[in-house]
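Commentary on secondary and tertiary structure
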Amino acid sequence: MYIAEILALSAAVCIAMSGMLVSELRGRLPLLDLARLQMFAAFVMTGAVSLVIGGWRTIELWQFGYLAASSLFGIIIASTTYFATIYTAGPRTTALLFSLTSPFAVLLGYVFLGETLSGQQGIGIACVLIGILLAISARSPSKAASAERTPWLGIALGVVTAFGQALGSLAARPAMASGVEPFTAMAVRSGLAALFFVLLVLVPHPVLKPAPKITNRSLGFAIGSAFFGVGLGMSLLMAALARGNVGIVSTLSSMTPVVILPMIWARTGIVPPAPAWMGAALAVIGTGLISL
């Protein structure tokens, strides 16, 4: 049975579900409150798993430094802009722009680590870029959807998110290659981010202050998105990587731009236009060419 492949696809579905839950909080929960709740929930989930399996014994001080840098780029910056992209441009565009993480990671590895860039990877990068442009430019014939325009601010935030994620992966690579347990690494990264967002409350600026009241519904969506995105989604991805080919697992787990389309269809009742499906599929194919 194709256990690893099923786990990787399940991870993509969970990450798409997490994005959909975050989109439900648009206009209901301030961005920094969402970041605080998400990071705290992620730290509790991954920290508990690490404690149970004894992962804390796999980390040393020098590895902690690399993970701290990874937390800065990949979580504190990238997660904040990720939520902002969903709030600004919606979950479909965010999932597409997140596909840029793979090309950015390849290019950063080429520049800073001296890794080679093959012709196949070059074609993959081109596929991702063309797919994103095709899908973002797609417009539904529905009046409600055709009146909607993807803000340039949302696109810029999405690009920053992908670049931050790539930098975070690059920074974490030495620590992970030396044998740090994955859940422990995620606990360190999310724990440092949670601490950062909590300390922001102490800054005397009204924008950084928490909302006076958070409804139970908003709290449930925030924790649920953390569970599906970091808790269950990352757990399934780690299990898939432990059982299958890294390239195949990475490709299948990047199916989020495709699997999120039927979710949006079910939620809004609006059928995504054909170019949106084609662009999402092309982005996944490009990721596959880069990863395999």
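Above this text is the structure in question.
What comes next is a walk through the structure. The structure presented is a predicted model; accordingly, all values stated were derived computationally and were not measured.

Before going further, it helps to examine the side chain of R189. Secondary-structure assignment places R189 in helix α9 (residues 182-199). Comment: no salt bridge for buried R189; closest opposite-charge side chain is E181, at 12 Å. Sequence-distant contacts of R189, that is, excluding residues within four places in its chain, are made with L67, S70, S71, G74 and I75.

Per the counting criterion, the structure on display carries six aromatic pairs. Between F104 and F163 the ring centres are 5.2 Å apart and the planes differ by 85°, which places this aromatic pair in the edge-to-face class. Of this pair, F104 sits in helix α5 (residues 101-112) while F163 sits in helix α8 (residues 152-177), and the two are 59 residues apart along the sequence. Judged by its relative accessible area of 35%, F163 is partly exposed.

Of all hydrophobic cores here, the largest spans 24 residues; its most connected members are L25, L34 and F197. Elements that contribute at least two residues to this core include exactly α1 (3-23), α2 (31-53), α3 (61-89), α9 and α10 (216-243). In this structure, L25 is in contact with L34, Y87, S218, F221 and A222, ignoring residues within four places of it in sequence. Judged by nonpolar contacts, the second largest core, of 14 residues, contains L100, V128, I136 and A162.

On to a nonpolar patch on the surface. Where nonpolar side chains cluster on the molecular surface, the patch consists of L107, Y110, V111, F112, L113 and L117 and spans about 600 Å² of accessible area. Considering the arrangement of structural elements, one finds F112 in helix α5.

Between its first and last C-alpha, α9 extends 26 Å over 18 residues, near the 26 Å set by a 1.5 Å rise per residue. Considered for burial, the residues of α9 that qualify are F183, T184, A185, M186, A187, V188, R189, S190, G191, A193, A194 and F197.

Contact pair helix α12 (residues 256-268) / helix α13 (residues 274-291): the axes reach a minimum separation of 8 Å and the direction vectors enclose 155°. Considered as vectors, α12 and α13 are oriented roughly antiparallel to each other. Contact residues: α12 offers P257, V258, L261, P262 and W265, while α13 offers A276, W277, A280, A281 and V284. Of the residues contributing to the contact of α12 with α13, the split by class is 10 nonpolar, no polar and no charged.

Residue placement: S79 occurs in helix α3. The exposure class of S79 is buried, given its relative accessible area of 13%. Those residues in contact with S79 that sit more than four places away from it in its chain are M39 and G74.

This next bit is on α12. The end-to-end C-alpha separation of α12 is 18 Å, in line with the 18 Å expected for 13 residues at 1.5 Å each. Of all the positions in α12, only T256, P257, V259, I260, L261, M263 and I264 are classed as buried. After α12 finishes, the residue G269 shows a positive phi value of roughly 80°.

Glancing now at the environment of T80. Note that T80 resides in helix α3. According to the relative accessible area criterion, T80 is buried, its value standing at 16%. Sequence separation between T80 and M278 is 198 residues; the distance between their C-alpha atoms is 28 Å. Not counting residues within four places of it along the chain, the set of residues in contact with T80 comprises L31, I75 and F197. Side-chain polar atoms of T80 contact the backbone oxygen of I76, separated by 2.6 Å.

At a minimum axis separation of 9 Å, helix α4 (residues 91-98) and helix α6 (residues 119-136) run at an interaxial angle of 170°. Between α4 and α6, the crossing angle belongs to the class labelled roughly antiparallel. You can see that α4 and α6 cross each other, and the crossing is left-handed. Listed contacts from α6 to R92, T93, L96 and L97 of α4 are I132, A135 and I136. A per-class count over the contact of α4 with α6 returns five nonpolar, one polar and one charged.

What counts, and where the lines are drawn
Residues numbered from 1 in each chain as written. Predicted model: local features only at pLDDT ≥ 70, side-chain atom pairs only at ≥ 80, totals over all residues. Heavy atoms only, no water. Helix = DSSP H or I, 4+ residues; strand = E, 2+ residues; numbered from the N terminus. Buried < 20%, exposed > 50% of the residue type's maximum accessible area, 1.4 Å probe, protein only. Lys, Arg positive; Asp, Glu negative; His and termini not counted. Salt bridge = Lys/Arg side-chain N within 4 Å of Asp/Glu carboxyl O. Contact = heavy atoms within 4.5 Å. Phe/Tyr/Trp six-rings, centres within 6.5 Å; stacked < 30°, edge-to-face > 60°. Core = buried A, V, L, I, M, F, W, Y, C linked by side-chain atoms within 4.5 Å. Patch = residues over 30% accessible without salt bridge, like charges linked within 9 Å, V, L, I, M, F, W, Y side chains within 5 Å. Areas by Shrake-Rupley, 256 points an atom, 1.4 Å probe, with all protein chains shown as cover. Expected span 1.5 Å × (residues − 1). Axes fitted to C-alpha atoms, helices over the stretch in contact; angles between N-to-C directions. Parallel < 35°, antiparallel > 145°, perpendicular 65-115°, else oblique. Nonpolar A, V, L, I, M, F, W, Y, C, P; charged D, E, K, R; others polar. Polar contact = N/O pair within 3.5 Å; in protein donor to acceptor, adjacent residues only side chain to side chain. Left-handed = near helix turned anticlockwise from the far one by under 90°.

These values are about where atoms sit, not about what they do.
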